[in-house]
Amino acid sequence: MNPQLLKRLLEQQGSQDVFSFLTEGLSLADLNSLLLAVYQKRTKALSPAAVLRNYQLNRLVQPVDVDEADLVDFEQKMKQVLPAFGMETVSFGPVAPLGSCSVVGEVDQNNVLTALRQTEVVSDVTNLLALEIAWRKRAGESGDIHLSASHRHLRTQHYEQAGFTAHFRVLSLASAGRDRGGGRFELAAMTLHLEAYQHMLTKGLGLPEEHIRLFIRSQAETDRYGLAASLQERWPGLAWKAWKREDFSYYQGWQIGLSLRIGGEWFEVMDGGWVDWTQQYLQNRKERLLISGIGTEFLYRLMGQG
C-alpha cells in the first residue's frame, strides 16, 4: 500500500474507533484501497495447502453435481421461445454493483457475497436487469423494454432443503414501461410473462399443459382494474390466491407464479411480481417494472435430468 495513503488514513482516523472509522469515516474509494492492501498482504501468507483446504471446506465454491453441457442444452430449449415474445437476451458478468440488491430492495447484505472494487457477486440477476433498464431509460430509450437473462446466482445463507446449493442457475425476465392508467401495462406485462413461461415448458421442453398450473396472488381483496378476470379469461384455470406482504416483501401488489406437476406432486418453480426499483433509480413514480424467474437448475433436477 502507498505509504503516503496509509499515513493519511491513520491521521484521518485520529481518536475515532476502528469500526466507526471503517464504516463512516472512510470514503468507499479509500476503503477499497485499504482492503485491497489487506488482502494482498494476507494472501501472500497463504500456502497452497491452505488454499486447497479452503476449497474443500467452503460451500460457496463447491461444484454442483449436474452435467453443465446438459443443463445448458436444457436451458436453451426453454430460451428458444423468448424471441417470439420480444424478449432481448442480456449476458452479465459474475459481479454486480455494491448494494444492487439491498439498496432498492429488502435483501440483507449479509446474504450477498460482498466483494472489493465496490462490487458484489450476483445473487439475483433481476437486480442487474433493473439497472440495465434504468440506464437505458436515462440514456433516452423510449417505449417498453423486455429483457431476459440466464445466470448462476450465489447466496450466502444456508439452505436446509435437499438439493439446494449455495449457487444455482435461474432464467429471469423483466418488463418495464410507464403507467398507462387502468392497469393496461400491468395486464400486458403479466400476460406476456405467463405466456412466455407456459411456452418455455410446453413448446421448449414438451411438457403437457395439464401438468402446468398458472396462478396470481394479490394483497388486495378487490381487483380495481379487473386484472384477475382478464387473465382468467385467457386462462380459465388460473387461480387467484391471497398473500401477505411479509411473505414476499420484495413484491408490491400483484404476484405471478407457476406450479408444475412432476411424479404426482406439484412444485412451484416460477415466481414474479411488481417492484419499484426503476421508480427509485429514475425518481419517477410512473415507472413500472415486472420481474420474474424460473429456477432452471431446480427444474432440471426435478425432472430427473441431473
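How each quantity is defined
Residues numbered from 1 in each chain as written. Predicted model: local features only at pLDDT ≥ 70, side-chain atom pairs only at ≥ 80, totals over all residues. Heavy atoms only, no water. Helix = DSSP H or I, 4+ residues; strand = E, 2+ residues; numbered from the N terminus. Contact = heavy atoms within 4.5 Å. Areas by Shrake-Rupley, 256 points an atom, 1.4 Å probe, with all protein chains shown as cover. Pairing = 2+ DSSP bridges. Axes fitted to C-alpha atoms, helices over the stretch in contact; angles between N-to-C directions. Buried < 20%, exposed > 50% of the residue type's maximum accessible area, 1.4 Å probe, protein only.

Caption draft 1: Quick peek at the overall build of the chain. The number of helices and strands found in the chain is ten helices and ten strands. In terms of overall dimensions, the chain has a C-alpha envelope of 70 × 45 × 35 Å along the principal axes. Contacts in the chain between residues far apart in sequence, at least 24 positions, make up 67% of those at least 6 positions apart. About 16,600 Å² of surface is accessible on the chain, with carbon and sulfur atoms providing 51% of the total.

Caption draft 2: Spotlight on the sheet that holds strand β6 (residues 212–218). Read from one edge to the other, the open sheet built from eight strands follows the order β1-β4-β5-β10-β9-β8-β6-β7, with strand pairing classed as mixed. In the strand order of this sheet, the two ends are held by β1 (88–89) and β7 (239–242), each with one partner. Bridging between β1 and strand β4 (residues 145–154) involves two bridges; their strand directions are parallel. Across the sheet, residue Thr89 finds its bridge partner in β4, namely Ser148. With respect to the sheet, helix α6 (residues 125–138) is in contact with β1, β4, β5 (167–178) and β10 (287–294), its orientation differing from that of β4 by roughly 145°.

Caption draft 3: The environment of Gly204, seen in detail. Position of Gly204 among the secondary structure elements: in helix α7 (residues 184–204). For the pair Gly204 and Val81, spaced 123 residues apart in sequence, the C-alpha to C-alpha distance is 6.7 Å. When sequence neighbours within four positions are dropped, the list of residues in contact with Gly204 reads Lys77, Gln80, Val81 and His199.

Caption draft 4: The arrangement of the pairing of strand β8 (residues 254–262) in detail. In terms of residue burial, β8 counts as a mostly covered element, since eight of its nine residues are buried. For β6 and β8, the ladder comprises seven bridges, and the chain directions are antiparallel. Directly across from Arg217, in β8, lies its bridge partner Gln255. Sheet analysis places β8 next to strand β9 (residues 265–275), joined by eight bridges and oriented antiparallel.

Caption draft 5: Representation of the pairing of β5. Most of β5 is tucked away, with eleven of its twelve residues classed as buried. When β4 meets β5, the two strands line up antiparallel, connected through ten bridges. Pairing of His151 across the sheet is with Val170, part of β5. The pairing of β5 with β10 spans eight bridges and is antiparallel. Paired with Arg178 across the two strands is Glu287, which belongs to β10.

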